[in-house]
Amino acid sequence: MNTLISVSSGRRISAVAMEPAREGMVDARPVSSFVDGESIYSSGERAGQAYRVEFGAVRVYRVLANGRRQILAFHFGGSWFGLQNESQHRSTAEAIGITGVKSINLQENPHAWQGLLPAVLENFLSSQEHQLVIGRQSAVERVAAFLLEMSQHSAHSHRFELFMPRIDVADYLGLTIETVSRSLTKLKNKGIIKLHGARGIEIVEHGVLERLCL
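Residues numbered from 1 in each chain as written. Predicted model: local features only at pLDDT ≥ 70, side-chain atom pairs only at ≥ 80, totals over all residues. Heavy atoms only, no water.

Novice: How would you explain the packing of aromatic side chains if you had to name every residue and give the values?
Specialist: Considering all chains together, one arrives at seven aromatic pairs under this definition. Ring centres 5.2 Å apart and planes at 20° place the aromatic pair Tyr51 and Phe81 in the stacked group. Within this pair, whereas Tyr51 is found in strand β5 (residues 49-63), its partner Phe81 is found in strand β7 (residues 80-81), the two being separated by 30 residues in sequence. An aromatic cluster is present here, built from Tyr41, Tyr51 and Phe81 joined pairwise through their rings. A cation over an aromatic ring shows up here: Arg69 above the ring of Tyr61, its NZ or CZ 5.6 Å from the ring centre. (Phe/Tyr/Trp six-rings, centres within 6.5 Å; stacked < 30°, edge-to-face > 60°. Helix = DSSP H or I, 4+ residues; strand = E, 2+ residues; numbered from the N terminus. Lys NZ or Arg CZ within 6 Å of the ring centre and 35° of its normal.)

What follows is the structure, encoded as structure tokens:
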């Protein structure tokens, strides 16, 4: 089985890939393109499809009772999402930037679940790890963990561009955008990171950033 697992400090992003035979069913399907902010599926819509990100990125979120958005996960190239054994979606999935997605109908291809079970488990574990991140008391610790997560996704690069705007980072970490900005500034002033434009991040002291998350 081919496996794609992105692991960070206390967080996993990408799902595990399907078995090669199952992947072939999806590879043959056309890519559906979405513009920034366009819905791939919405809460309350009928479920039954599994989706794989081909390029770009996807945010999955719920709107809480108080009207606030809570981002549950980000998915990047090769990652599976929308995996659930329910009749309706409980969350909404949107494109971040120009995004391409392939999908498979699980009702028409019920045997595909066999290859997708590792991805279901990986997404479940990722959800648990995300709860640990947002359970941290310090906003700086949450932001530090997020930066390590993004570095891991970028092949351990110490310099990378964030796919998402800061409001997405805030809604993912359970913070306000002002708190995210202040936390980034604190990390920059301590010489731990450098900021390059609105989304460019350079990790200068990787070990220090990791110790903040212990």
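Still to come is the rest of the account.
Novice: How would you explain the pairing of strand β10 (residues 193-196) if you had to name every residue and give the values?
Specialist: Look at any regular strand and the pattern is simple: side chains alternate between the two faces of the sheet. Bridge count between β10 and strand β11 (residues 200-203): four bridges; the pairing is antiparallel. Residue pairing in the sheet places Ile193 in a bridge with Ile203 of β11. Linking β10 back to β11 in an antiparallel pair, the connection comprises three residues, with Gly197 at a positive phi of about 75°. (Pairing = 2+ DSSP bridges.)

Novice: Account for the sheet that holds β10, naming residues and giving values.
Specialist: Backbone-to-backbone hydrogen bonds pair the strands of a sheet. The strands run either parallel or antiparallel. Taken together, three strands build an open sheet; the order of strands is β9-β11-β10 and the sheet is antiparallel. Looking at which strands have only one partner, the edges of the open sheet turn out to be β9 (159-161) and β10. The sheet shows a mean angle of 20° between the axes of neighbouring strands, direction not considered. (Axes fitted to C-alpha atoms, helices over the stretch in contact; angles between N-to-C directions.)

Novice: Got a sec to walk through the pairing of β11? Specific residues and values, please.
Specialist: Here β9 pairs with β11 via three bridges, running antiparallel. Counted as the bridge partner of Glu161 is Gly200 from β11.

Novice: So, the environment of Met150: which residues are in play, and what are the values?
Specialist: Inspection of the secondary structure assignment puts Met150 in helix α3 (residues 139-153). Separated by 11 residues in sequence, Met150 and Glu161 place their C-alpha atoms 8.8 Å apart.

Novice: Tell me about α3, residues and numbers included.
Specialist: Its 15 residues place the ends of α3 21 Å apart at the C-alpha level, agreeing with the 21 Å of an ideal helix rising 1.5 Å per residue. Counted residue by residue, α3 has 12 buried out of 15 residues, so it is predominantly covered. Among the residues of α3, the N-terminal cap falls to Ser138, whose side-chain oxygen and the backbone nitrogen of Val140 are separated by 3.3 Å. Downstream of α3 by one or two residues, Ala155 has phi in the positive range, about 60°. (Expected span 1.5 Å × (residues − 1). Buried < 20%, exposed > 50% of the residue type's maximum accessible area, 1.4 Å probe, protein only. Polar contact = N/O pair within 3.5 Å; in protein donor to acceptor, adjacent residues only side chain to side chain.)

Novice: Lay out the environment of Asp36 in plain terms, naming residues and giving numbers.
Specialist: Tracing the backbone shows Asp36 in the loop between β3 (32-34) and β4 (39-41). Sequence-wise, Asp36 and Gly56 are 20 residues apart; in three dimensions their C-alpha atoms are separated by 9.6 Å. Apart from residues lying up to four places away in sequence, Asp36 is in contact with Arg59, Ala95, Ile96 and Gly97. A distance of 2.8 Å separates a polar atom in the side chain of Asp36 from the backbone nitrogen of Gly97. (Contact = heavy atoms within 4.5 Å.)

Novice: Before we move on, could you go through the packing of α3 against helix α4 (residues 166-173) and cite the residues and values that matter?
Specialist: Close contact between α3 and α4 brings their axes to 11 Å; oriented N to C, the two are set at 115°. One finds that α3 runs roughly perpendicular with respect to α4. The element α3 and its partner α4 pack so that their crossing is right-handed. Across the interface between the two elements, Arg142, Val143, Phe146 and Glu149 from α3 touch Val169, Tyr172 and Leu173 from α4. Here the contact of α3 with α4 is composed, by residue class, of five nonpolar, no polar and two charged. (Parallel < 35°, antiparallel > 145°, perpendicular 65-115°, else oblique. Left-handed = near helix turned anticlockwise from the far one by under 90°. Nonpolar A, V, L, I, M, F, W, Y, C, P; charged D, E, K, R; others polar.)

Novice: Describe the nonpolar core, naming the residues involved and giving the relevant values.
Specialist: Core analysis: the biggest nonpolar cluster contains 33 residues, and Phe74, Phe146, Leu147, Met164, Leu173, Leu187 and Leu209 have the highest contact counts within it. For this core, the elements supplying multiple residues, two or more each, are β5, β6 (69-75), α3, α4, α5 (177-189) and β11. With nine residues, α3 is the largest single contributor of residues to this core. Domain assignment of the residues forming this core places at least three in each of domain 1 (32-115) and domain 2 (137-212). Among all residues touching Phe146, those that are not within four sequence positions of it are Phe74, Leu162, Met164, Val169, Tyr172 and Leu173. (Core = buried A, V, L, I, M, F, W, Y, C linked by side-chain atoms within 4.5 Å. Domains from an automatic or database assignment.)

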